[in-house]
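# Residue-level structural notes
One-letter residues, chain by chain:
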Amino acid sequence: MPAFIPITIYLNDRSMLIASIPDAETALQQPWPYMDKPSRLEAIRMIEECLAGHCTQQAAFDAFKAAASEQGLLKQEPPSVGLRKFDGVAEDLL
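Rules used in this analysis
Residues numbered from 1 in each chain as written. Predicted model: local features only at pLDDT ≥ 70, side-chain atom pairs only at ≥ 80, totals over all residues. Heavy atoms only, no water. Pairing = 2+ DSSP bridges. Helix = DSSP H or I, 4+ residues; strand = E, 2+ residues; numbered from the N terminus. Salt bridge = Lys/Arg side-chain N within 4 Å of Asp/Glu carboxyl O. Buried < 20%, exposed > 50% of the residue type's maximum accessible area, 1.4 Å probe, protein only. Core = buried A, V, L, I, M, F, W, Y, C linked by side-chain atoms within 4.5 Å. pLDDT = per-residue confidence, 0-100. Phe/Tyr/Trp six-rings, centres within 6.5 Å; stacked < 30°, edge-to-face > 60°. Lys NZ or Arg CZ within 6 Å of the ring centre and 35° of its normal. Contact = heavy atoms within 4.5 Å. Expected span 1.5 Å × (residues − 1). Arc of directions from axis to C-beta.

## Regarding the pairing of strand E2 (residues 14–18)
The pairing of strand E1 (residues 7–11) with E2 spans 5 bridges and is classified as antiparallel. Residue pairing across strands places Thr-8 opposite Leu-17, the latter belonging to E2. As consecutive antiparallel partners, E1 and E2 are separated by 2 residues, and within that stretch Asn-12 has a phi angle of approximately 55°, a positive value.

Shown next, in the form of structure tokens:
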């Protein structure tokens, strides 16, 4: 399965790096703050559909990210120094 740009979630006082559908599946099996929240249940369903070949990996990963974000588990890292420099160069080209 193709990997995605990794995201970090903080679950049960520890960080988890999520870069694939199996990573997301493992994370969803852990205790979440709100286990019955509709977005989490939808992410579980989408991951199962993906693994069965009935939806795209991107759609399932997006559902996982939305559920993690809604529960405050997704932590955005600031852009690296290199990426900020690249953004500056790209803006200069436009």
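## Structural notes on the pattern of salt bridges
Following the criterion strictly, the structure yields 2 salt bridges and no others. Linking Glu-70 and Lys-37 is a salt bridge whose minimum nitrogen-to-oxygen distance equals 3.6 Å. One end of the pair, Glu-70, is in helix H3 (residues 57–70); the other, Lys-37, is in the loop between helix H1 (21–28) and helix H2 (38–51), and 33 residues separate them in sequence. For Glu-70, a relative accessible area of 46% corresponds to the partly exposed category. Between Arg-45 and Glu-42 there is a salt bridge; the shortest N-O distance is 2.7 Å.

## A few points about the nonpolar core
Side chains that are nonpolar tend, in soluble globular proteins, to be buried together. Within the largest apolar cluster, 23 residues are counted, with the highest numbers of intra-cluster contacts made by Ile-9, Ile-18, Ile-21, Trp-32 and Phe-64. Broken down by secondary-structure element, the contributors of at least two residues to this core are E1, E2, H1, H2 and H3.

## Description of the confidence of the model for the protein
Averaged over every residue, the pLDDT of the protein is 88; residues scoring 70 or more account for 93%. The element-level mean pLDDT for the protein is lowest in helix H4 (residues 81–93), coming to 76, with H2 highest at 97.

## A few points about the packing of aromatic side chains
In total, this model carries 1 aromatic pair according to the counting rule given. Just above the ring of Tyr-34 sits the side chain of Lys-37; from NZ or CZ to the centre is 5.4 Å.

## Section: the environment of Ala-60
With respect to the helices and strands, the residue Ala-60 is situated in helix H3. A relative accessible area of 0% means that Ala-60 is categorised as buried. Put simply, Ala-60 and Cys-50 are 10 residues apart on the chain and 6.4 Å apart in space, counted from C-alpha to C-alpha. Excluding residues that lie within four positions of it along the chain, Ala-60 makes contacts with Ile-21, Met-46, Ile-47, Cys-50 and Cys-55.

## Topic: H2
For H2, which comprises 14 residues, the first-to-last C-alpha distance of 20 Å matches the rise-based estimate of 20 Å (1.5 Å per residue) to within 8%. Among all positions of H2, only Ser-39, Arg-40, Ala-43, Met-46, Ile-47 and Cys-50 are buried. With its buried residues spanning 120° around the axis, H2 presents them on a single face. Away from its buried face, by an angle of more than 90 degrees, H2 presents the exposed residues Pro-38 and Glu-48. Gly-53 sits one or two positions beyond H2 and adopts a positive phi of about 85°.

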